[in-house]
Amino acid sequence: MSVDEHVLNYPIPGDAALDPPAEWAELRGKCPVAHVTLPSGDRATLLTRYEDVKQVLADPRFTRQLNAPDAARMSADGGGVFSSELATIIPDSGEEHQHWRRLIGRWFTAKRMNAMRPAMIQIADDLIDDMVKRGSPGDLRAGLGFPLPVYVICDMLGVPAADRDRFSYWSDTLLNLTRYGKAETDAAQGEFFQYMSDLVAAKRAALGDDLLSELITAGGPEDGGLSDLQILVTGMALLVAGHETTANMIGKMVAMLLADRSRWERLLADPSLIRTAVEESLRFDANAGVGLPRYLNAETEVSGTVLPRGTTVVCSMAAANRDETAFENAGEMDLTRSPNPHLAFGSGAHSCLGQALARTELQVALEVLLRRLPTLELAVRVEELERVEGLAVGGLREVPVRW
C-alpha cells in the first residue's frame, strides 16, 4: 500500500468543539498512514488506527529526537514546548531514561495519589466555594479546571503558593503552536528557566518535603541521582505537563457529561461509576491536541507502508481511541465501559508518567462537582463551545456553566 497523496492540514478541525473530525474515520478506513502538513508548513505522517499507534508508541525506533536536523517542526519558527537545547537534557531512551523515570515515578504512584486525595478534595471544595461566591453562571475551566491541577503540582514540587498563578502564561507560550512568535516564546522560557533555577537553589539551601528536595537529596549523577540542570528541567517539564493537560481535560470531561445531561443524571444516581466515567471521558475526548510526534531513526514498515528513516510520525491517540476495531460502539460514550484500554496516556516506555495523578485529579473534580453542584448544566448550547486554537494539548476556551 502506498501513502495517499492527498495532503491534509494538521491538526484536522472538527465541526464542533466536542466532535471528532469526519476525516478520522475516513483515514482509519482508507488511509491509515497519511501525509499531513503541520502548522510549521513541514510534512509529517499521521497514524489514526489503534493498533498502528500502539505499535509505534512501543517501538524504540520511533524516538523523541524532534531536534534532529531533518525532523519536522511543529510550529512555524520551531518554538513551542521546549527548545531543542532543553529537550535533550532529560534522557530520551534506554537505561538512562528508565533511570530518570524510576527517580521521578516514586512521586506518581497510585498509592501516593490516594494519600494526596483528601488534600485534593479540600482544594476542589475551596475552589467551588469561590465559584459559588462569584455567582452563577461561571466558567468551570477558570474556576476549577485550571487552578486545581496547578495547586496540586505546585504543592508536589514545593512551589510557594504565591507563585502558582505565574505558570499560566509560561505554559501557554510553551504549548501553543500558533499564538506566539519565537521571540516571545524564548523570553517566556528564559523567565521560566530562571525561576526554576532560583527555586532549585532555594531548595538546596533549605530542603523541604517535596519532589525537588528529594531529587536534590538523592545526590548527583555520581550518586545515582540527577545533575542540577536535569533537576531544573525536570521541574519545568512537570510543572507544564503536570497541570496543562489535566486542566483542559477537567473542562472537556464536564462538558461531555453535560452535553447529554442523562450522563450527569446517571452519575448522580450512581457515583460508583465515576472511575469508569473518567476513563471513558479520556477515551472519548475528540479535542486532544496534536497527539504525540515521533522521529524515525531507521526504515520501518507500518500498516503495510514503508516509512524511510527521518520520517516524523504523528500518533493521533484521540483518533485511535475512536477505532471501531478496538472499541465496541466506539462512537458512543459508555460510562460503564470496562476494560477500557484507551491510549490517552500513550503506551510503552514513554507512557505518561503522571497518569495516576491525572486520573486522581479528574476523579476528585467529578466527585466534588457531583456532591456540591448536582444541578450543574451548561450555560450555552454545546455548539457554542469553542476550542483553544493552536494549543498542543487541546482544550476549550471556556466552559460556561450554571447551577
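To be clear, the structure that these remarks concern was listed above.
This one's a predicted model, so the numbers in the text were calculated from it and none came from an experiment. (Residues numbered from 1 in each chain as written. Predicted model: local features only at pLDDT ≥ 70, side-chain atom pairs only at ≥ 80, totals over all residues. Heavy atoms only, no water.)

Looking at the overall build of the protein chain
Scanning the protein chain from N- to C-terminus turns up 16 helices and eleven strands. Here the C-alpha radius of gyration of the protein chain, 21 Å, is about what a compact globule of 403 residues would show, namely 22 Å. A principal-axis box enclosing the C-alpha atoms of the protein chain has dimensions of 55 × 55 × 40 Å. Buried residues in the protein chain amount to 56% of all 403 residues. A separation threshold of at least 6 residues defines the contact pool for the protein chain, and within that pool the share at least 24 residues apart is 75%. For the protein chain, the exposed surface amounts to about 17000 Å²; the carbon and sulfur share of it is 51%. Across the protein chain, the mean location of the 40 positive side-chain charges is 3 Å away from that of the 57 negative side-chain charges. (Helix = DSSP H or I, 4+ residues; strand = E, 2+ residues; numbered from the N terminus. Rg over C-alpha atoms; globule rule 2.2 N^0.38 Å. Buried < 20%, exposed > 50% of the residue type's maximum accessible area, 1.4 Å probe, protein only. Contact = heavy atoms within 4.5 Å. Areas by Shrake-Rupley, 256 points an atom, 1.4 Å probe, with all protein chains shown as cover. Lys, Arg positive; Asp, Glu negative; His and termini not counted. Charge placed at Lys NZ, Arg CZ, Asp CG, Glu CD.)

Section: helix H2 (residues 50–58)
Those residues of H2 that sit buried are Tyr50, Asp52, Val53, Val56 and Leu57. The buried residues of H2 occupy an angular sector of 165° when the element is viewed end-on, so they sit on one face. In the core, the buried residues of H2 are packed alongside strand S3 (43–47), strand S4 (62–63), strand S6 (292–296), strand S7 (300–302), strand S9 (312–315) and helix H15 (317–320). (Arc of directions from axis to C-beta.)

Examining the packing of helix H13 (residues 261–269) against helix H16 (residues 355–372)
Their axes nearest at 10 Å, the elements H13 and H16 cross at an angle of 85°. Taken together, the axis directions place H13 and H16 in an arrangement best described as roughly perpendicular. In this structure, H13 uses Trp264, Leu267 and Leu268 to contact H16, whose residues at the interface are Leu366, Leu369 and Leu370. Across the contact of H13 with H16, the residue classes tally to six nonpolar, no polar and no charged. (Axes fitted to C-alpha atoms, helices over the stretch in contact; angles between N-to-C directions. Parallel < 35°, antiparallel > 145°, perpendicular 65-115°, else oblique. Nonpolar A, V, L, I, M, F, W, Y, C, P; charged D, E, K, R; others polar.)

Things to note about the packing of aromatic side chains
Tallying each qualifying case throughout the model produces three aromatic pairs. Both rings, one in tryptophan 170 and one in phenylalanine 192, keep their centres 5.1 Å apart while their planes meet at 15°; by these two values the pair is stacked. Residue tryptophan 170 is found in helix H8 (residues 167–175), and its partner phenylalanine 192 is found in helix H9 (residues 182–205); the two are separated by 22 residues along the sequence. Judged by relative accessible area, which is 3%, tryptophan 170 ranks as buried. With centroids separated by 5.8 Å and ring planes inclined at 50°, the aromatic side chains of tryptophan 170 and tyrosine 195 adopt a geometry described as tilted. Taken together, the residues tryptophan 170 in helix H8 and tyrosine 195 in helix H9 connect sequence positions 25 residues apart. A residue is classified by how much of its surface remains accessible, and tyrosine 195, at 10% relative accessible area, is buried. Linked through ring pairs, Trp170, Phe192 and Tyr195 together constitute an aromatic cluster. (Phe/Tyr/Trp six-rings, centres within 6.5 Å; stacked < 30°, edge-to-face > 60°.)

Things to note about the packing of helix H5 (residues 110–134) against H16
Where H5 contacts H16, the two axes come as close as 9 Å, and the packing angle between them is 40°. By the criterion of interaxial angle, the relationship of H5 to H16 is oblique. Two packed elements cross with a definite hand, and for H5 against H16 that hand is right-handed. For the pair H5 and H16, contact is made by Ala110, Met113, Arg117, Met120, Ile121, Ala124, Asp125, Ile128 and Asp129 and by Ala356, Leu357, Thr360, Glu361, Gln363, Val364, Glu367, Val368, Leu369, Arg371 and Arg372, respectively. (Left-handed = near helix turned anticlockwise from the far one by under 90°.)

Considering the pairing of strand S2 (residues 33–37)
Summarising burial for S2: four of the five residues are buried, a large majority. Direction of pairing for S2 relative to S3: antiparallel, over a ladder of five bridges. Within S3, the residue paired with threonine 37 across the bridge is arginine 43. As consecutive antiparallel partners, S2 and S3 are separated by five residues, and within that stretch glycine 41 has a phi angle of approximately 95°, a positive value. (Pairing = 2+ DSSP bridges.)

What to know about the state of the cysteines
Counted by the stated rule, this structure contains zero disulfides. Cysteine 315 supplies the cysteine sulfur nearest to cysteine 31, a cysteine that is in no disulfide, at a spacing of 15 Å. Residue cysteine 31 is classed as buried on the basis of its relative accessible area of 6%. Counting only cysteine sulfurs, cysteine 352 is the nearest neighbor of cysteine 154, a cysteine outside any disulfide, at a range of 17 Å. (Disulfide = S-S within 2.5 Å.)

Things to note about the sheet that holds strand S5 (residues 138–139)
Taken together, the three strands give an open sheet; going across it, the order is S5-S11-S10, and neighbouring strands pair in antiparallel fashion. Where the open sheet ends on each side, the last strands, each with one partner, are S5 and strand S10 (377–378). As paired strands, S10 and strand S11 (residues 400–402) are joined by two bridges and run antiparallel to one another. Residue glutamate 377 lies in a different strand from S11, and its bridge partner there is arginine 402.

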